[in-house]
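Examination of the molecular architecture
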Amino acid sequence: MTNTSEPKIGIALGGGAARGLTHIPFIEAMDELGIRPARIAGTSIGALLGAGWAAGLSGKEIREYSYEYLGSKRSMVARIWKTRIKNPSSVFRKTMTMQLDACEVINSFIPKEVPSQFNELKIPLFTVATDFRTWQQVVFRDGELVPAIAASIAIPSVFKPVEFGGRLLIDGSVSNPLPLDIAGRNMDILVAIDVNGSPSGHEDEEEPSLIEVGLGSAQILMHGLISNKLVAFPPDVYTRPQLEPFRSLEFWRVKEIVETGEKDKEFFKRQLDKVIEKFISGKKKTR
C-alpha cells in the first residue's frame, strides 16, 4: 500500500493463549494484500505476535518460527530450560502452583529480529497488561519491549506477576482481551481478530485440571468483556475463528491451530479488501 489516499489501518490482536496462534493466517492475509498497519494493539499472545510483525517479520516468517519452536512438548520444555535460562530457580517459585517467569520465557522464545525497545519497531505497537493492585489496564507504547510483552502474557497461575515500572502486572486479557479502543484511535479502518474461542458444545472426556478450570473461567469472562467492547468500538472488519478443539496451553499443536485459521483467511481478505476499496472510493468513515 503506497498511495497517500489509502486509509490508516489499526489492528487489534486479541488474547487467547495457544488459540492465539490463529492470528498468524490473518497476518499473512494482510501481508498478501500489501497492508502495512498504521498501528498494532495486542493483548497477551496478540502482543507477542504483534511485536514480531511490528519488527518487520512477515506472517509467513512468524509461522515458520512458530512451527520450529513450538512443534512439540519436548522442544518447548528444552527451550525453556536450555536457552537463556541459566538458573532454574529463577523460572519457578514454590507456591501453590509452579509459576513461570514471563520475562525469562519471552527471552527464550522471542525472535532475534525483535528489538529491545518500542521505538526501534517498524510499526507502532501498543501492548496491554493489567495492574493487579489497581485492577486497571496498563498500555505500553515506549520503553523496554520484553517486560511489556511479558506483562501482557502473564496468565495468572501460569506466570508469576511481572514487576515493571513500579507496578505488579498480570495478563492484559483480564482487563482488555481485544484492545479495539486502543487500535482504533485516530484510525480510518479498525480490524479485529478475536481468538478467545467459543464453548465446545459437547462433553470433554478428560476431566480438566485445576489450571484448565481457571483458564476456562477466564475465557468465559473474556467473552463478556469482548462483547461489550464490540458494541462500544465496532470494528470495520471482525473475524472470530472457531477454536473449540484446542485447550489454552496446547502450544505444541501449533500446526493444527494455524490450519484452523486458514478456513477463514480468504473470506477475511475479501472483507478487508472491500472495506479498503470503499474508503478509497471516497466513502470515508470518521472514527
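Counting restarts for each chain, with residues numbered from 1 along the sequence as it is written. It should be noted that, the model being predicted, local features are given only for residues of pLDDT at least 70 and side-chain atom pairs only at 80 or more, the latter also being counted only at that level, while totals for whole chains, interfaces and linings use all residues. Just so you know, side-chain values use all the structure's heavy atoms and leave hydrogens and water out.

Things to note about the overall build of the protein chain
Convention followed: By the criteria applied, helices consist of DSSP H or I runs no shorter than four residues and strands consist of E runs no shorter than two, each listed in order from the N terminus. Remark: exposure states derive from per-residue accessible area (1.4 Å probe, protein chains only) relative to the maximum for the residue type, with buried under 20%, exposed over 50%, and partly exposed in between. Accessible surface is estimated by sampling points in the Shrake-Rupley manner with a 1.4 Å probe; for residues, cover comes only from the protein chains shown.
A count of helical and extended segments in the protein chain gives nine helices and 10 strands. Out of the 287 residues in the protein chain, the part that is buried amounts to 50%. Accessible area of the protein chain: about 14200 Å², with a carbon and sulfur share of 53%.

Digging into the pattern of salt bridges
A side chain of one charge can pair with a side chain of the opposite charge when the charged atoms of the two come close. Note the threshold: For salt bridges, the criterion is a side-chain nitrogen of Lys or Arg within 4 Å of an Asp or Glu carboxyl oxygen.
Tallied over the full model, the rule gives 11 salt bridges. A salt bridge links Glu28 to Arg63; the nearest nitrogen and oxygen atoms lie 2.6 Å apart. Within this pair, whereas Glu28 is found in helix α1 (residues 23–32), its partner Arg63 is found in helix α3 (residues 59–70), the two being separated by 35 residues in sequence. Note on Arg63: relative accessible area 14%, which makes it buried. Between Lys265 and Glu28 there is a salt bridge, with the nearest N and O atoms lying 3.5 Å from each other. Remark: Glu28 occurs in helix α1 and Lys265 occurs in helix α9 (residues 254–280); sequence separation between them is 237 residues. Exposure class is identical for Lys265 and Glu28. Each is buried. Members of the salt-bridge network, linked through shared partners, are Glu28, Glu32, Arg63, Glu262, Lys265 and Lys269.

Regarding the side chain of Glu28
Note the cut-off: Note on contacts: a residue pair is in contact if any heavy atoms of the two residues lie within 4.5 Å.
Residue classification places Glu28 among the buried positions, given a relative accessible area of 7%. What Glu28 contacts, discounting residues up to four positions off in sequence, is Gly59, Lys60, Arg63, Glu262 and Lys265.

A few points about the side chain of Asp171
Mapped onto the elements, Asp171 comes out in strand β8 (residues 167–171). Setting aside chain neighbours within four positions, we find Asp171 in contact with Thr43, Ser44, Thr130, Ala151, Ser152, Ile153, Ala154, Ile155 and Pro156.

Describing helix α6 (residues 145–153)
For α6, a buried count of nine out of nine residues is recorded, marking the element as mostly surrounded by other parts of the structure. Among all positions in α6, only Leu145, Val146, Pro147, Ala148, Ile149, Ala150, Ala151, Ser152 and Ile153 are buried.

Here we look at the packing of aromatic side chains
We describe a pair of aromatic rings using the distance from one ring centre to the other and the angle between the two ring planes. Operational definition: Between the rings of Phe, Tyr and Trp (Trp by its six-membered ring), a pair exists once the centres lie within 6.5 Å; its type follows the angle of the planes, with under 30 degrees stacked, over 60 edge-to-face, and the other angles tilted. Any Lys NZ or Arg CZ found within 6 Å of a ring centre and within 35 degrees of that ring's normal is scored as a charge over the ring.
What the rule picks out here adds up to three aromatic pairs. Ring centres of Tyr65 and Tyr69 lie 4.4 Å apart, and the angle between their planes is 45°; on these two criteria the pair is classed as tilted. Pair noted here: Tyr65 and Tyr69 are both in helix α3, with a separation of four residues, about one helical turn. Pairing Phe140 with Phe164 gives two aromatic rings, centres 5.4 Å apart and planes at 40°, and the pair type is tilted. Note that Phe140 is positioned in strand β6 (residues 137–140) and Phe164 in strand β7 (residues 162–164), a separation of 24 residues in sequence. According to the relative accessible area criterion, Phe140 is buried, its value standing at 12%. Using a relative accessible area of 17% as the deciding quantity, one classes Phe164 as buried. Above the ring of Tyr67, the side-chain terminus of Lys255 is found at 5.4 Å from the ring centroid.

Let's talk about the pairing of strand β2 (residues 39–43)
Convention followed: Think of it like this: strands point away, you trace from the first strand over the helix to the second, and a clockwise trace means the crossover is right-handed.
Burial analysis of β2 places five of its five residues in the buried class, which makes it a mostly covered element. Side-chain alternation along β2 places Arg39, Ala41 and Thr43 on one buried face and Ile40 and Gly42 on a second face that is also buried. Regarding the hand of the β-α-β motif, the stretch spanning strand β1 (residues 9–13), α1 and β2 is right-handed.

Observations concerning unusual backbone geometry
Here the phi dihedral of Trp135 falls at roughly 70°; this positive angle occurs in a residue that is not glycine. Mapped onto the fold, Trp135 is located in the loop between β5 (125–131) and β6. Backbone geometry places Ser157, a non-glycine residue, at a positive phi of 80°. Along the chain, the position of Ser157 falls in the loop between α6 and β7. The exposure class assigned to Ser157 is partly exposed, which follows from its relative accessible area of 26%.

Things to note about the packing of helix α2 (residues 45–54) against α6
A pair of packed helices is characterised by two quantities: the angle between their axes and the separation of those axes. Quick reminder of the rule: Geometry is summarised by axes, namely lines fitted to C-alpha atoms with helices restricted to the contacting stretch, and by angles between N-to-C directions that run from 0 to 180 degrees. Comment on the angle field: the value is read as roughly parallel under 35 degrees, roughly antiparallel over 145, roughly perpendicular from 65 to 115, and oblique elsewhere.
Axis separation between α2 and α6 bottoms out at 7 Å; the angle between their running directions is 150°. Classified by the angle between their axes, α2 and α6 sit roughly antiparallel to one another. Of the residues in α6, those in contact with Ile45, Ala47, Leu48 and Ala51 of α2 are Ile149, Ser152 and Ile153.

Observations concerning the packing of α3 against α9
Our working definition: Gly falls in the polar group here, along with every residue not listed as nonpolar (Ala, Val, Leu, Ile, Met, Phe, Trp, Tyr, Cys, Pro) or charged (Asp, Glu, Lys, Arg).
Following both chains from N to C, one finds α3 and α9 inclined at 150°, their axes separated by 9 Å at the closest point. As the angle between them shows, α3 and α9 are arranged roughly antiparallel. Touching Arg63, Ser66, Tyr67 and Leu70 of α3 are Val254, Lys255, Val258 and Glu262, all from α9. Each residue belonging to the contact of α3 with α9 can be placed in one class, and the counts come to four nonpolar, one polar and three charged.

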